[in-house]
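# Structural overview for review
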Amino acid sequence: MSLTNDLNCRVMLYARQQVITALGDIDFDYIPQGQVWAKIVPTGGSVATQPGDMTQAQLKHTITIRANALPNVQEDMFVVHKNRRYNVDTWRPHYKRPDRVELLCTMEVQPYV
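Read on for an overview of the structure. (Residues numbered from 1 in each chain as written. Predicted model: local features only at pLDDT ≥ 70, side-chain atom pairs only at ≥ 80, totals over all residues. Heavy atoms only, no water.)

### Examining the pairing of strand β4 (residues 77-81)
Of all the 5 residues making up β4, 4 are buried; the element is thus mostly covered by neighbouring parts of the structure. Bridge count for strand β1 (residues 9-20) against β4 is 4 bridges, and the pairing is antiparallel. If you follow tyrosine 14 over to β4, its bridge partner there is phenylalanine 78. With 4 bridges joining them, β4 and strand β5 (residues 84-93) adopt antiparallel strand pairing. Bridge pairing in β5 places valine 79 opposite tyrosine 86. In this structure, the hairpin formed by β4 and β5 is closed by a connection of 2 residues, where lysine 82 is found at a positive phi of approximately 50 degrees. (Buried < 20%, exposed > 50% of the residue type's maximum accessible area, 1.4 Å probe, protein only. Helix = DSSP H or I, 4+ residues; strand = E, 2+ residues; numbered from the N terminus. Pairing = 2+ DSSP bridges.)

Encoded structure:
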């Protein structure tokens, strides 16, 4: 199957960059890197019991993007798709198809308040 058919989700990539605050201090902030087409596949998950009868879910996903869409992939990045945040745990090249990069992510679940 071609790459065009696989990439069916439009995502926004954010990377951590050094910025200077209004007071002249050095801080880090997440700056948008641009929108790219991606393929998001759930790969696993786990449920952990927390104190106070609460449960915490960890949902793992693999996000595939074009290799030239993001020249320098870092672990301190995150991806946003439909108001869901996916924190990049690590990345790897797609060994069967060298024109793709796989981002191994954990979806951040927002608790209801």
